[in-house]
Amino acid sequence: MAAARRVADTLFKAPKVKHYTLAFLLRDNNGTKEVLLGMKKRGFGAGKWNGFGGKVEPTDATVSDAAAREMNEEALVTVLGSDMEEKGTLVFTFTGKPEVMHVHVFQVRSYSGVPSESDEMKPQWFTYDAIPYASMWADDKYWLPSLLEGKNIVGQFDFDADETKFYDHVLDVTDA
Ligand SMILES: CNc1ncnc2c1ncn2[C@@H]1O[C@H](COP(=O)(O)OP(=O)(O)OP(=O)(O)O)[C@@H](O)[C@H]1O
């Protein structure tokens with residue numbers, strides 16, 4: 001539980017905390033497990049594959065609703081907040097930035113519609129052995145494999161100012 005304590009202290013001490021969601025749509029494609037990732041077309045993380053998500057807005061009733069709204073906006077599918085399964089917390093700090101990112105991580109299996117390209121994201125299904133970690137945030141390969149195994153995660157990654165690599169991290173993985 002070392003990571004949980006570190007995360008709590010970081011959030012407690014941060015001058016400013018912003019809440020984000022990050023959700024992974026999972027499916028069983030004729031016996032093969034797949035995850036939907038999106039190529040971010042603009043803004044923070046442009047050019048990287050990632051799950052779907054964004055800032056929690058004051059108009060969102062709950063963090064789960066925010067996760068569903070972002071998934072709906074970015075992958076053009078219909079997901080209900082009540083179908084979002086909370087899988088953990090990731091905290092990101094960046095050297096020189098007082099603001100800390102508090103990311104609420106979800107998975108979801110229940111959705112309707114066909115994932116389609118939006119202004120922000122180009123979605124694509126990936127089998128678990130073909131996830132493009134080299135074109136993802138540096139932290140993803142540390143925790144996404146555990147998430148896909150059904151585990152819960154709590155972690156913190158402290159990034160350099162240029163956002164390409166982190167100089168410190170803690171991660172707890174627990175059985176769901
Ligand atoms: C540093 N290492 C990281 N590793 C993995 N994922 C990361 C991440 N850093 C940010 N993320 C995710 O990237 C999305 C950004 O969202 P972002 O586009 O900024 O939000 P939102 O859609 O509200 O933006 P607009 O201002 O409307 O464009 C959001 O899911 C957030 O959890």
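Residues numbered from 1 in each chain as written. Predicted model: local features only at pLDDT ≥ 70, side-chain atom pairs only at ≥ 80, totals over all residues. Heavy atoms only, no water.

- Looking up the chain in an unreviewed UniProt entry gives the name Oxidized purine nucleoside triphosphate hydrolase, with the organism given as Achlya hypogyna.
- Annotation of the chain in UniProt includes, under Sequence similarities (unreviewed entry), the sentence "Belongs to the Nudix hydrolase family."
- Looking at the chain in UniProt, the text filed under Cofactor (unreviewed entry) is "Mg(2+)". (UniProt positions renumbered as here; feature names shortened; annotations may be inferred.)

Quick look at the confidence of the model for the chain
- The predicted model of the chain averages 97 in pLDDT, with 100% of residues at 70 or higher.
- Interface confidence in the predicted complex, given as ipTM, is 0.96; pTM for the same model is 0.97. (pLDDT = per-residue confidence, 0-100.)

A few points about the pattern of salt bridges
- Counted by the stated rule, this structure contains 13 salt bridges.
- The salt bridge partner of Arg27 is Glu34, with a shortest N-O separation of 2.7 Å.
- Using a relative accessible area of 27% as the deciding quantity, one classes Arg27 as partly exposed.
- A network of salt bridges, in which partner residues are shared, links Asp60, Arg69, Glu70 and Glu73. (Salt bridge = Lys/Arg side-chain N within 4 Å of Asp/Glu carboxyl O. Buried < 20%, exposed > 50% of the residue type's maximum accessible area, 1.4 Å probe, protein only.)

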